[in-house]
Amino acid sequence: MASSIPDRSTSEWQALDAAHYIHPFTDHAALSKKGTRVITRAEGVYLYESGGRRILDGMSGLWCVNLGYGRRELADAAYQQLQELPYYNSFFQVAHPPAIELARLLSEVTPPQFKHVFFTGSGSEANDTVVRTVRHYWNVLGQPERTVIISRHNAYHGSTMAGASLGGMKPMHEQGGLPIPGIVHIRQPYWFGEGGELSPEEFGRVAARALEEKILQIGPEKVAAFIGEPIQGAGGVIIPPSTYWPEIQRIVDKYGILLVADEVICGFGRTGRWFGSEYFGIRPDLMPIAKGLSSGYLPIGGVMVGDRVAEVMTVKAGEFNHGFTYSGHPVACAVACAAIKILRDERIVDRVNDDVGPYLQRRWAELASHPLVGEARIVGLIGALELVKDKAKRLNFPDPGDVGVICRDLCIANGLVMRAVRDTMIIAPPLVITHAQIDELVEKARAALDQTQQELHRQGRL
Ligand SMILES: *Cc1c(COP(=O)(O)O)cnc(C)c1O
């Protein structure tokens, strides 16, 4: 079969990229000095660069390729559906089998309060849908003044106007006049960075009580919802202390506000449970999902709508004036159905919980003894290393970000993708990773830490 993509050399691709392609989240002046890294194919947990070099993908792409690359069943599901019905919509009282079947499967694998889903094309669109849904919900219930959504600093909820507003990323807010009105942020449960002298458990309660303080400050009758990632991903794999989520649940229950768990990263097995909400024992009313839903093979997202909200939206609410051309795209839905069946039939979530999760956790903890590492934290297959100048004092380097970039580039040079957020190194490898590949990941990470330390000595910074 003739491919629509020609064969070109690395330097040809780099020149064309520089000439025509504006990348997401990229400083193009910096990129043009280095030249883009061109990935041409992938298999299992490995990426292959143009030129053939192999790299272990410690990030599952962008936290999405949970089943690894090259799953034939997913390609077949797409190909079959492309031939059967490549596109149709679900507006105007129509539907098609892939979307209906995916909705049914999702109601089986999500917590019991979820029997309904609204489909979107991405996680950002899912969070836009959350904003519209919670405000519409309260309006239908005769409380139109309940519009404020409380989120957290350093949260990530996507890059559309509402998604970026819900997120708590300052550099994103600085571009484009964000956040939009009615979205406020409280502190994050980041013990390593902000816990001071408190124990993690004490700090978890303090961080959660910031929600109650904010609700009282705004007026409980004006607050619509609280949104949080069970574990903050893009913010640097911030794993909250065990006391945090139970206290948040107590507070949202007390004031009757909706709880939104953004499961875009934590969902579909990342924590060793199907959803991060289950890992932390919380009962969300809405769950945005995306990424692992299709294992990243095609773009699809959605919002799981819990019974409390679904009873209003499906009975009393009239028409919901919201939807996307690609809501419930048949090919993306067919691939997501296949991905969920693989997760379930191959018991991959259990495997994260009982086997590869504990193995990576044990090996990851060994890195905590490295002189540069202030903390090695991990849940399931999502983890972080804090790079520090002074271990005992939990003291980061001045100008955070620079050391992380040095370490990240050394990882790539060693054949490992590990991402840097400030000076926090993060991983979220495919859930199908083997013990031998975990050993490879940890050894490459350790080598990069040693080389980072040498480089910092050379620069006179240690
Ligand atoms: C990636 C991400 C999103 C946004 O998803 P997109 O598909 O990139 O729009 C939203 N929430 C969380 C927690 C994410 O990690």
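The rules we used
- Residues numbered from 1 in each chain as written.
- Predicted model: local features only at pLDDT ≥ 70, side-chain atom pairs only at ≥ 80, totals over all residues.
- Heavy atoms only, no water.
- Helix = DSSP H or I, 4+ residues; strand = E, 2+ residues; numbered from the N terminus.
- Rg over C-alpha atoms; globule rule 2.2 N^0.38 Å.
- Buried < 20%, exposed > 50% of the residue type's maximum accessible area, 1.4 Å probe, protein only.
- Contact = heavy atoms within 4.5 Å.
- Areas by Shrake-Rupley, 256 points an atom, 1.4 Å probe, with all protein chains shown as cover.
- Lys, Arg positive; Asp, Glu negative; His and termini not counted.
- Charge placed at Lys NZ, Arg CZ, Asp CG, Glu CD.
- Polar contact = N/O pair within 3.5 Å; in protein donor to acceptor, adjacent residues only side chain to side chain.
- UniProt positions renumbered as here; feature names shortened; annotations may be inferred.
- Pairing = 2+ DSSP bridges.
- Axes fitted to C-alpha atoms, helices over the stretch in contact; angles between N-to-C directions.
- Parallel < 35°, antiparallel > 145°, perpendicular 65-115°, else oblique.
- Left-handed = near helix turned anticlockwise from the far one by under 90°.
- Domains from an automatic or database assignment.
- Buried area = accessible area lost by both parts, 1.4 Å probe.
- Near = heavy atom within 4 Å.
- Nonpolar A, V, L, I, M, F, W, Y, C, P; charged D, E, K, R; others polar.
- Core = buried A, V, L, I, M, F, W, Y, C linked by side-chain atoms within 4.5 Å.
- Expected span 1.5 Å × (residues − 1).
- Arc of directions from axis to C-beta.

Trainee: So what's going on with the overall build of the chain? Residues and values would help.
Mentor: Tallying secondary structure elements over the chain gives 17 helices and 15 strands in all. Since a compact globule built from 462 residues should have a radius of gyration of about 23 Å, the 22 Å found for the chain is in line with a globular shape. For the chain, the spread of C-alpha atoms along the principal axes amounts to about 65 × 65 × 45 Å. Evaluated residue by residue, the chain yields a buried proportion of 54% over its 462 residues. Look at the contacts in the chain between residues 6 or more apart in sequence, and 70% of them connect residues 24 or more apart. For the chain, the exposed area adds up to about 20000 Å²; of that, 54% sits on carbon and sulfur atoms. Computing the positive centroid from 47 side-chain charges and the negative centroid from 51, the chain places the two 2 Å apart.

Trainee: Just give me the short version of the side chain of S165, but keep the residues and values in it.
Mentor: Take S165: it is sitting in helix α7 (residues 161-166). Judged by relative accessible area, S165 falls into the buried class, the value being 0%. At 2.9 Å, the side chain of S165 and the backbone nitrogen of I180 are in polar contact. The contact partners of S165, leaving out residues within four places of it in the chain, are T160, H173, L178, P179, I180, I183 and H185.

Trainee: Got a sec to walk through the UniProt feature "coiled-coil region" (unreviewed entry) in the chain? Specific residues and values, please.
Mentor: When the UniProt feature table is mapped to this numbering, "coiled-coil region" (unreviewed entry) covers residues 435-462. What you have in residues 435-462 is 86% helix and 0% strand, and the ends, taken at the C-alpha atoms, are 34 Å apart.

Trainee: Explain the sheet that holds strand β11 (residues 373-379) residue by residue, including any values.
Mentor: Taking strand neighbours across the sheet as the criterion, the 4 strands line up as β11-β12-β15-β14 in an open arrangement whose pairing is antiparallel. Among the strands making up the open sheet, the edge pair consists of β11 and β14 (419-421). Pairwise comparison of adjacent strand axes, ignoring direction, gives a mean angle of 20° for this sheet. Against the sheet, helix α15 (residues 348-366) touches β11, β12 (382-387) and β15 (424-427), its axis set at about 175° to β11.

Trainee: Pulling in residues and values, what's your account of the sheet that holds strand β2 (residues 46-49)?
Mentor: Pairing in this open sheet of 4 strands is mixed, and the strands run β1-β2-β3-β13 from one edge to the other. Lying at the two open borders of the sheet, with one neighbouring strand each, are β1 (39-43) and β13 (416-417). Strand direction decides the pairing type here: strand β3 (residues 54-57) and β13, joined by 2 bridges, are parallel. Bridging across to β13, D57 finds its partner in V417.

Trainee: Provide a residue-level description of the packing of helix α16 (residues 402-413) against helix α17 (residues 435-458), including the pertinent values.
Mentor: Think of two packed helices as two axes; the pair is described by the angle between the axes and how far apart they sit. It is the contact of α16 with α17, at a shortest axis distance of 9 Å, that shows an interaxial angle of 130°. Taken together, the axes of α16 and α17 lie oblique to each other. In terms of crossing hand, the pair formed by α16 and α17 is right-handed. For the pair formed by α16 and α17, the contact residues are V403, I406, C407, L410 and C411 on the first element and A448, L449, Q451, T452, E455 and L456 on the second.

Trainee: Can you break down the domain arrangement of the chain residue by residue, with the values?
Mentor: Domain assignment breaks the chain into domain 1 (38-70 + 347-458) and domain 2 (73-345). The distance between the C-alpha centroids of domain 1 and domain 2 comes to 26 Å. In this assembly, 37 residues from domain 1 lie in contact with 35 residues from domain 2. Of the roughly 2900 Å² buried between domain 1 and domain 2, counting both surfaces, carbon and sulfur atoms make up 60%.

Trainee: Tell me about the site of the ligand, and please be specific about residues and values.
Mentor: Close to the ligand lie S122, G123, S124, N127, Y156, H157, G158, E229, D262, V264, I265 and K291, which account for all nearby residues. The side chain of S124 places a nitrogen or oxygen atom 2.5 Å from an oxygen atom of the ligand. Within the side chain of K291, a nitrogen or oxygen atom sits 2.6 Å from an oxygen atom of the ligand. Taken together, the residues that form the shell around the ligand break down as 3 nonpolar, 6 polar and 3 charged.

Trainee: Explain the environment of P241 residue by residue, including any values.
Mentor: On the secondary structure map, P241 appears in the loop between β7 (223-228) and α11 (244-255). Using a relative accessible area of 8% as the deciding quantity, one classes P241 as buried. With 51 residues separating them in the primary sequence, P241 and G292 have C-alpha atoms 25 Å apart. Beyond its immediate chain neighbours, meaning those up to four positions away, P241 contacts P189, W191, P200, E201, F203 and G204.

Trainee: Which residues make up the pairing of β11, and what are the values?
Mentor: For β11, a buried count of 5 out of 7 residues is recorded, marking the element as mostly surrounded by other parts of the structure. Here β11 runs beside β12; their pairing, made up of 6 bridges, is antiparallel. Directly across from R377, in β12, lies its bridge partner A384. Between the end of β11 and the start of β12, which pair antiparallel, lie 2 residues, with G380 showing a positive phi angle near 50°.

Trainee: With reference to specific residues and values, describe the nonpolar core.
Mentor: In this structure, L102, L106, F268, L293, I340 and M418 are the most contacted members of the largest nonpolar core, which totals 68 residues. Residue-level mapping places this core at the junction of two domains, with at least three residues from each of domain 1 (38-70 + 347-458) and domain 2 (73-345). In contact with L102, not counting residues within four places along its chain, are F119, L293, I300, C333, A336, C337 and I340. Of all hydrophobic cores here, the second largest spans 48 residues; its members include C64, V65, I231 and I238.

Trainee: Quick one: what's the story with helix α4 (residues 72-84), residue by residue and with numbers?
Mentor: If you check α4, its first and last C-alpha atoms are 18 Å apart, about what 13 residues at 1.5 Å a residue would give, namely 18 Å. When we look at burial in α4, the residues that qualify are L74, A77, A78 and Q81. The buried residues of α4 occupy an angular sector of 95° when projected down its axis, which confines them to one face. The exposed set on the far side of α4, more than 90 degrees from its buried face, consists of R72, Q80 and Q83. Where the residues of α4 are buried, they touch α5 (97-109) and α14 (330-345).

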